[in-house]
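# Examining the three-dimensional arrangement
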Amino acid sequence: AIDLVLRVFGALSQGQGGPGQPELHTEFQNFQTVAIVLQFLAWVPSETGRTSTDPWRRAMAASMQLLSTLVLHHHSLAHEFVQNEGLQMMVQHRLLSVDLARYDSSVTKEDGGAGMVVDALLVISQLSRLSKEYYPMLHRMDVGANLRDLL
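A brief look at the structure comes next.

Each value, and the rule that gives it
Residues numbered from 1 in each chain as written. Predicted model: local features only at pLDDT ≥ 70, side-chain atom pairs only at ≥ 80, totals over all residues. Heavy atoms only, no water. Helix = DSSP H or I, 4+ residues; strand = E, 2+ residues; numbered from the N terminus. Buried < 20%, exposed > 50% of the residue type's maximum accessible area, 1.4 Å probe, protein only. Contact = heavy atoms within 4.5 Å. Phe/Tyr/Trp six-rings, centres within 6.5 Å; stacked < 30°, edge-to-face > 60°. Expected span 1.5 Å × (residues − 1).

### Quick notes on the overall build of the chain
Counting its secondary structure elements, the chain contains 10 helices and 0 strands. Beginning at the N terminus, the succession of helices and strands in the chain can be written as α-α-α-α-α-α-α-α-α-α. Counting across all 151 residues of the chain, residues that qualify as buried make up 40%. Taking the intrachain contacts of the chain between residues at least 6 apart in sequence as the baseline, contacts between residues at least 24 apart amount to 70%.

### Quick word on the packing of aromatic side chains
Evaluation of the coordinates by the stated rule reveals 1 aromatic pair. Plain terms: the ring middles of Phe-40 and Trp-56 are 6.0 Å apart, the flat faces sit at 45 degrees to each other, and that makes the pair tilted. Taken together, the residues span a long stretch of sequence, with Phe-40 in helix H3 (residues 33–42) and Trp-56 in the loop between H3 and helix H4 (57–73) at a distance of 16 residues.

### Description of helix H8 (residues 113–130)
One full turn of an α-helix is made of 3.6 residues, so residues set three or four places apart face in the same direction. When the terminal C-alpha atoms of H8 are compared, their 26 Å separation across 18 residues agrees well with the 26 Å that a helix rising 1.5 Å per residue should span. For H8, the complete set of buried residues consists of Gly-113, Met-116, Val-117, Asp-119, Ala-120, Val-123, Ile-124, Gln-126 and Leu-127.

This is how it looks when you write it as structure tokens:
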């Protein structure tokens with residue numbers, strides 16, 4: 001899963017394909033990448049990432065890295081994230097929890113809780129910049145206390 005995320009991130013950072021090729025975000029939409037990753041995360045136990053031996057930790061971290069990369073890549077993928085209840089998933093998994101960020105010291109960087117928190121913060125930041133339409137949903141997440149604790 002980590003290798004896939006790294007390949008996807010590399011492709012996204014290199015830009016679009018040549019003339020006559022579809023734009024990369026269109027390919028991700030055609031394959032319903034955001035929706036499928038969020039469906040996978042719906043099956044991940046909500047206490048994932050709380051211990052360094054949790055077998056779901058790497059999958060959750062890789063999924064969040066992929067989702068944050070896609071949300072940052074194109075506004076249509078960000079909209080797809082919101083439409084497929086990505087914000088609710090972040091609340092369910094408590095991805096802005098200071099406790100999740102603290103569990104980072106005993107594991108590698110890509111498996112760490114702090115990485116998942118950073119990815120969640122990137123998603124929230126990008127959505128807040130993209131459109132005022134997302135403000136009510138972000139407000140309903142009630143992340144003020146979590147952000148204060150993280151600071």
